[in-house]
Amino acid sequence: MVGSVSALGAGLVSIGIPKDSVLKYEVALKTDRYLLIVHGTEDAVDNAKNIIAGTEHSSFTVHGEKVFA
């Protein structure tokens, strides 16, 4: 459906991913690409970014606000 999102897309929107990004991710998945979602502490996300930086990838984006617990 044009202009709408799938159940996966709706879930991503519900956790704060912007709809334009969700649409881009859905297109990537439909064209046999992968989507990696990392959720965790700031240190865990930084560690994941360091691991990803050492790989061949098309792009990565960090979404969300820093939350101090």
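Parameters at a glance
- Residue numbers restart at each chain and count upward from 1, following the sequence in its written direction.
- The predicted origin of the model limits local features to residues at a pLDDT of at least 70 and limits the giving and counting of side-chain atom pairs to 80 or more, whereas totals for whole chains, interfaces and linings rest on all residues.
- The side-chain figures draw on all heavy atoms in the structure; neither hydrogens nor water molecules are used.
- Strands are runs of DSSP state E lasting at least 2 residues, helices are runs of H or I lasting at least 4, and numbering of each runs from the N terminus.
- Working definition: with a 1.4 Å probe on protein chains only, accessible area under 20% of the residue-type maximum means buried, over 50% means exposed, and in between means partly exposed.
- Only heavy atoms matter for contacts: two residues are in contact if any of them lie within 4.5 Å across the pair.
- Expected helix span is taken as 1.5 Å per residue step, with the number of steps being one fewer than the number of residues.
- The arc refers to the directions leading from the helix axis to the C-beta atoms.
- Axes, fitted as lines to C-alpha atoms, cover a helix only where it is in contact. Angles between the N-to-C directions of the axes lie from 0 to 180 degrees.
- Less than a right angle of anticlockwise turn of the near helix away from the far helix marks a crossing as left-handed, whereas a clockwise turn marks it as right-handed.
- Note that Gly is not counted as nonpolar here; it falls among the polar residues with everything else outside the nonpolar set of Ala, Val, Leu, Ile, Met, Phe, Trp, Tyr, Cys and Pro and the charged set of Asp, Glu, Lys and Arg.
- Contacts described as polar in this section are N or O atom pairs within 3.5 Å, which, within protein, must combine one atom able to donate a hydrogen with one able to accept it, while residues neighboring in sequence count only if both atoms come from side chains.
- Residues enter patches when they are more than 30% accessible in relative terms and free of salt bridges; like-charged ones are connected within 9 Å and nonpolar ones (Val, Leu, Ile, Met, Phe, Trp, Tyr) within 5 Å.
- In these tables, accessible area is a Shrake-Rupley quantity obtained with a 1.4 Å probe, and a residue counts as shielded only by the protein chains included in the view.
- Every case where a carboxyl oxygen of Asp or Glu lies within 4 Å of a side-chain nitrogen of Lys or Arg is listed as a salt bridge.

Draft legend 1. Inspection of the overall build of the protein chain at higher detail. Helices and strands together make up the secondary structure of the protein chain, namely three helices and zero strands. In sequence order, the secondary structure elements of the protein chain are arranged as α-α-α. Here the protein chain holds 69 residues, and 14% of them are scored as buried. Of the contacts made within the protein chain by residues no fewer than 6 positions apart, 24% connect residues no fewer than 24 positions apart.

Draft legend 2. Representation of helix H3 (residues 42-53). With twelve residues, H3 should reach 16 Å at 1.5 Å per residue; the first-to-last C-alpha distance of 16 Å fits that figure. Along H3, the positions that sit buried rather than exposed are Val45, Ala48 and Ile52. Buried positions in H3, seen along its axis, are confined to an arc of 60° and lie on one side of it. For H3, exposure combined with an orientation more than 90 degrees from the buried face picks out Asp43, Asn50, Ile51 and Ala53.

Draft legend 3. Quick look at the environment of leucine 35. Within the secondary structure, leucine 35 sits in the loop between helix H2 (19-30) and H3. Spatially, the C-alpha atom of leucine 35 lies 7.0 Å from that of tyrosine 25, the residues being ten residues apart in sequence. For leucine 35, the residues in contact, after removing those within four places along its chain, are Leu12, Tyr25 and Leu29.

Draft legend 4. Fine view of the packing of helix H1 (residues 7-14) against H2. Axis separation between H1 and H2 bottoms out at 10 Å; the angle between their running directions is 145°. The handedness of the crossing between H1 and H2 is right-handed. Seen from H1, the contacting residues are Leu8, Gly9, Leu12 and Val13; seen from H2, they are Lys19, Val22, Tyr25, Glu26 and Leu29. Considered class by class, the residues forming the contact of H1 with H2 number six nonpolar, one polar and two charged.

Draft legend 5. How the structure looks around H1. Near the N-terminus of H1, the side chain that reaches the backbone nitrogen of leucine 8, with its oxygen 3.3 Å away, is that of serine 6. Glycine 16 sits one or two residues past H1 and shows a positive phi near 105°.

Draft legend 6. Layout of a nonpolar patch on the surface. Among the surface-exposed residues, Leu8, Leu29, Leu35 and Ile37 lie close enough to one another that they form a single nonpolar patch of about 310 Å² accessible area. Residue placement: leucine 29 occurs in helix H2. Taking relative accessible area as the criterion, leucine 29 reaches 33% and is therefore assigned partly exposed.

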